[in-house]
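# Structure assessment
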Amino acid sequence: MHLNEKKTVKEMKKISIIGSTGSIGTQTLEVARVNKDIEVVALAAGKNIKLLYDEALEFRPRLLSVGDESLAQEIKEMLKSVPDYSPEVMYGMDGLKAVATADEAKTVVTAIVGMIGLEPTVAAINAGKDIALANKETLVTAGSIVMSLAKEKGVRILPVDSEHSAIFQSLQGNKDNPVSRILLTASGGPFRGKKREELVSVTVEEALKHPNWSMGPKITIDSASLVNKGLEVIEAKWLFDVKPEQIEVLIQPQSIIHSAVEYEDGAIIAQLGTPDMKLPIQYALYYPERRFLPGERLDFTKIKSIEIDKPDRDTFKGLDFAFNALRTGGTMPAVFNAANEYAVARFLEGKIKFLEIYDLIDYAMNTAEIISNPTVEDIVNVMPMTIEMLRKKG
């Protein structure tokens, strides 16, 4: 090397992950394994402390958070025998917020499922962190508040959902060109083509058999009901600043077209690929840089056709619930989401049937008192209030 030549040293990309033991969290860590310039400074998990322990030993974050105090004590005991490693261990919402605002982290991957992700995400934005957003409930329940706050703090919200990442990628280079439509694709889930009478007695096991994607149980059930796509409609409205009527949902069962954008001149730009969540995760972490990603490539010579269909909104009511929630506004999207979280949990426990998920959502949306201009506190309160309402219903 010449004396005057400077050696290039890669700056470490420091991240924290909220929901590290879930599907998105574990795949984020896979991306970190491949890219040696990612440093994981903080991890938050819920109850899976065995996996969190393994992750902690591998990545050595300075801060860990778990669901409650007893789990915190348990993992502390597990870590006592580990030489030269004594991370701080926290729990509960305080722990989630601490991980979200960890000093060294530049980007927070919000991979936790449910409305519980809202408060730590807001805390991260207030702390000036970029957000790699996989927690769709944050924008579903508080889109206006979160996007306004991100703009105020100069924070980037980088989508990790495969569909929203596809839209984001399709928008690149077209900053000043008006969007005509967002074409949001869905696989149709395991029950595509079935009618209501065929869904009366479906089992949890059947609902969890997604044809294309490997996801956590809650999101997999949401995909089966099309509620997940409804949540993504609301998320897309806030991420891309479009009107509800500009968002069209299409069924693309092969999961080849991950979503697309139509511009005013009629041109449609889409992002295609194999169903691999590591691509949108890596793109969010390194945006606007693209890096090599190991994995299967899409082979057009093996594709005989690409199927496109309209969603069956009579059978799968999740989409109409979402559009109605958007039109009503205020806390209605939070009620829609909270009722679904409660109903899906009951279904996974075997307490209700699949179609009763829709019944509980419908009841909550027609019964709850809606606040027109809610605060974050108002939105957080929707969850316990909705659960109490549905428990009283029986």
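In this convention, every chain numbers its residues from 1, walking through the sequence in written order. Local features are withheld for residues below a pLDDT of 70 in this predicted model, meaning they are given only at 70 or higher, and side-chain atom pairs are given and counted only at 80 or more; totals for whole chains, interfaces and linings count all residues. To get the side-chain values, take all heavy atoms of the structure and skip hydrogens and water.

## Looking at the sheet that holds strand 2 (residues 38–44)
The 7 strands are arranged 4-3-2-1-5-6-7 in an open sheet whose pairing can be described as parallel. Edge strands, defined here as strands with exactly one partner in the open sheet, are strand 4 (88–91) and strand 7 (157–159). When strand polarity is set aside, the average angle formed by the axes of neighbouring strands in this sheet is 25°. In this scheme, strands are said to pair when DSSP sees at least two bridges between them. Per the convention used, a helix needs a DSSP run of H or I reaching at least four residues, while a strand needs a run of E reaching at least two, with both numbered from the N terminus. Pairing of strand 1 (residues 13–18) with strand 5 (residues 107–110) involves 4 bridges; the strand directions are parallel. The residue of strand 5 that forms the bridge with Ile15 is Thr107. What makes two residues a contact is simply this: any of their non-hydrogen atoms within 4.5 Å. For helices, the fitted axis covers only the stretch in contact; all axes are lines through C-alpha atoms, and the angles between them, taken along N-to-C directions, range from 0 to 180 degrees. Across the sheet, helix 3 (residues 69–79) touches strand 3 (63–66) and strand 4, and the angle it forms with strand 4 is around 160°.

## What to know about the packing of aromatic side chains
By convention, a stacked pair of Phe, Tyr or Trp rings (six-membered ring in the case of Trp) has centres within 6.5 Å and planes under 30 degrees apart, an edge-to-face pair has planes over 60 apart, and any other such pair is tilted. Applying the stated criterion to the full structure yields 8 aromatic pairs. Between Phe321 and Phe336 the ring centres are 6.4 Å apart and the planes differ by 50°, which places this aromatic pair in the tilted class. One end of the pair, Phe321, is in helix 12 (residues 318–328); the other, Phe336, is in helix 13 (residues 332–348), with 15 residues separating them in the sequence. To sort residues, take the accessible area from a 1.4 Å probe on protein chains only and compare it with the maximum for the residue type: under 20% means buried, over 50% means exposed, and anything in between is partly exposed. Phe321 sits in the buried class, given a relative accessible area of 9%. Given a relative accessible area of 0%, Phe336 falls into the buried group. Both rings, one in Phe354 and one in Tyr358, keep their centres 6.2 Å apart while their planes meet at 80°; by these two values the pair is edge-to-face. A relative accessible area of 1% means that Phe354 is categorised as buried. Aromatic rings pair up to connect Phe191, Phe321, Phe336, Phe347, Phe354 and Tyr358 into one cluster. The residue whose ring lies beneath Lys237 is Trp238, and the NZ or CZ to ring-centre distance is 4.4 Å. A ring is considered to have a charge above it if a Lys NZ or an Arg CZ atom is located within 6 Å of its centre and within 35 degrees of its normal. The cationic tip of Lys393 hangs over the ring face of Tyr363; the distance from NZ or CZ to the ring centre is 5.2 Å.

## Digging into the environment of Ile306
Along the polypeptide, Ile306 turns up in the loop between helix 11 (278–286) and helix 12. Once the C-alpha coordinates of Ile306 and Gln252 are considered, the two residues, 54 residues apart in sequence, prove to be 7.6 Å apart. Residue contacts for Ile306: discarding those within four places in its chain leaves Gln252, Gln254, Ile256 and Ile257.

## Quick look at unusual backbone geometry
The omega angle of the peptide bond from Tyr287 to Pro288 is 5°, so this bond is cis rather than trans. Structurally, Pro288 can be placed in the loop between helix 11 and helix 12. Phi is positive for Asp241, close to 55°, though the residue is something other than glycine. With a relative accessible area of 69%, Asp241 lands in the exposed category.

## Looking at the sheet that holds strand 10 (residues 257–263)
Reading across the sheet, the 4 strands line up as 9-8-10-11 and stay open at both edges, with mixed pairing between neighbours. Whereas interior strands pair on both sides, the edge strands pair on one side only; in this sheet they are strand 9 (247–251) and strand 11 (268–272). Strand-to-strand twist of the sheet, defined as the mean angle between neighbouring strand axes without regard to direction, takes the value 20°. With 5 bridges connecting them, strand 10 and strand 11 associate as antiparallel partners. Each bridged residue has a counterpart across the sheet, and for Ile257 the counterpart in strand 11 is Leu272.

## Structural notes on the packing of helix 9 (residues 217–225) against helix 13
Contact geometry of helix 9 with helix 13 gives a least axis separation of 10 Å together with a crossing angle of 105°. With respect to each other, helix 9 and helix 13 are oriented roughly perpendicular. Contacts between helix 9 and helix 13 pair Pro217, Lys218, Ile221 and Asp222 from the former with Asn340, Glu341, Val344, Phe347 and Leu348 from the latter. An angle counts as roughly parallel when it lies under 35 degrees, as roughly antiparallel when it exceeds 145, as roughly perpendicular when it falls between 65 and 115, and as oblique in every other case.

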